[in-house]
Amino acid sequence: MARGPGPGAGGRAAAGGGRPFPRECCEGLGGLEYGQVDVTAMARLFGYVDVTDSGFIAAVLSIAFNPLFWNVVARWEHKTRALSRVFGSPRAACYCLGAVILMLNCVRSHCFTEAMKSQPKLESLDCHWAYYSGLAILAVGTVFVISSFLALGFTGTFLGDYFGILMEAKVTSFPFSVLDNPMYWGSTAIYLGWSLMHASPAGLLLTAVVAISYTIAMLYEGPFTEEIYRQKQKGVKNK
């Protein structure tokens, strides 16, 4: 979301007598004042991204839908155990939900890529250094995602604790020793790297949507998961 100059910028202008910077200081930018440069840069960026394009909208919707879907379904399962009854066991139900999440993620990645292809590239990113920087970021993100999956296992990755499949102890090995929620941040890094490799401003904007959607998901998942394990510990102490 675009933001205007903050109050701090206005305060500094007032302290300086309310005068704009002399135009001479910006000769390297064609004589533009700083405020004009900001507006011009923003206009150029949005000139590359058509947010009304159907492919872009589909990508945004798929990005937002996925974490909403698995959080709603997992909490419903935790409350009702309906999926466990339908599939005969919590583990079978968890595997089914995991398979659906994987398919939804494939759809999201497809929509993301198609949205990038349908929109113009950013010339300043269409170069070797940006491509290989993106490739490196994508590789790091892939390492985080794969190592997270190996550390958690299938049920640990796909919300098994909501099905009553709880882990014996908190995972502290890599990549959880490096940062919290490495699966989410690794996935975000993959999309960021993919966007840089395609020199796509639309991809960069969609990556921001991915980061926001995951951040919101973490705000809901973290406390709820902690409460599940708190109840587990409380049950063990009462035995």
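As a reminder, the structure under discussion sits directly above these lines.
Quick summary incoming for the structure in this document. (Residues numbered from 1 in each chain as written. Predicted model: local features only at pLDDT ≥ 70, side-chain atom pairs only at ≥ 80, totals over all residues. Heavy atoms only, no water.)

## With respect to the environment of S187
For S187, the position within the fold is in helix α7 (residues 182-197). Residue S187 is classed as buried on the basis of its relative accessible area, which comes to 11%. Taking the C-alpha atoms as reference points, S187 and T142, 45 residues apart in sequence, are found 7.3 Å from one another. Those residues within four positions of S187 in sequence are excluded, and the remaining contacts are R108, V145 and Y214. (Helix = DSSP H or I, 4+ residues; strand = E, 2+ residues; numbered from the N terminus. Buried < 20%, exposed > 50% of the residue type's maximum accessible area, 1.4 Å probe, protein only. Contact = heavy atoms within 4.5 Å.)

## Side note on helix α3 (residues 54-80)
Note that an α-helix has 3.6 residues per turn; residues three or four places apart therefore point the same way. Taking 1.5 Å of rise per residue, 27 residues should cover 39 Å, and α3 covers 37 Å from first to last C-alpha, within 8% of that figure. The largest bend in α3 comes to about 25°, at F65, with the proline P67 one to four residues further on. Looking only at α3, the buried set comprises F56, A59, S62, I63, N66, P67, W70, N71, V73, A74 and E77. Of the residues flanking the start of α3, the one acting as N-cap is D53, its side-chain oxygen 3.0 Å from the backbone nitrogen of G55. Two residues or fewer after α3 comes R81, characterised by a positive phi angle close to 60°. (Expected span 1.5 Å × (residues − 1). Bend = angle between axes of the 7 residues up to and from the residue. Polar contact = N/O pair within 3.5 Å; in protein donor to acceptor, adjacent residues only side chain to side chain.)

## So, the nonpolar core
Membership of the largest hydrophobic core comes to 37 residues, with the highest contact counts inside it found for L159, F163 and L206. Where this core is concerned, the elements lending two or more residues are α3, α5 (90-117), α6 (128-157), α7 and α8 (201-238). For this core, the leading source of residues is α5, giving eight residues. Setting aside its immediate chain neighbours within four residues, L159 contacts W70, A74, C94, L97 and I101. (Core = buried A, V, L, I, M, F, W, Y, C linked by side-chain atoms within 4.5 Å.)

## As for unusual backbone geometry
Look at the link from F174 to P175: it is a cis peptide, with omega at 10°. The phi dihedral of L159 is positive, around 65°, even though this residue is not glycine. Mapped onto the fold, L159 is located in the loop between α6 and α7. Even without glycine at this site, A199 takes up a positive phi of about 50°. Summarising the element assignment, A199 is placed in the loop between α7 and α8.

## Structural notes on the packing of aromatic side chains
This structure, assessed with the given rule, holds ten aromatic pairs. Judged by centre distance (6.3 Å) and plane angle (15°), the ring pair of W70 and Y184 falls under stacked. Taken as a pair, W70 in helix α3 and Y184 in helix α7 lie far apart in primary sequence, 114 residues in all. Assigned by exposure class, W70 and Y184 land together as buried. When the centroid spacing of 4.4 Å and the interplanar angle of 15° are considered together, the rings of Y184 and Y214 count as stacked. A residue pair is termed long-range when its members are at least 10 positions apart, and Y184 in helix α7 and Y214 in helix α8 qualify at 30 residues. Taken as a pair, Y184 and Y214 share a single burial class, namely buried. Taken together, the ring pairs in this structure connect Y95, F149, F154 and F158 into an aromatic cluster. (Phe/Tyr/Trp six-rings, centres within 6.5 Å; stacked < 30°, edge-to-face > 60°.)

## Some points on the pattern of salt bridges
Applying the stated criterion to the full structure yields two salt bridges. Between K117 and E114 there is a salt bridge; the shortest N-O distance is 3.9 Å. Taken together, the residues K117 and E114, both in helix α5 and three residues apart, mark about one turn of the helix. Classification of K117 by relative accessible area gives exposed; the value is 58%. In this structure, E227 and R230 form a salt bridge, with 2.4 Å as the shortest nitrogen-oxygen distance. Taken as a pair, E227 and R230 lie in helix α8 at a separation of three residues, close to a single helical turn. Its relative accessible area of 32% is what places E227 among the partly exposed residues. (Salt bridge = Lys/Arg side-chain N within 4 Å of Asp/Glu carboxyl O.)

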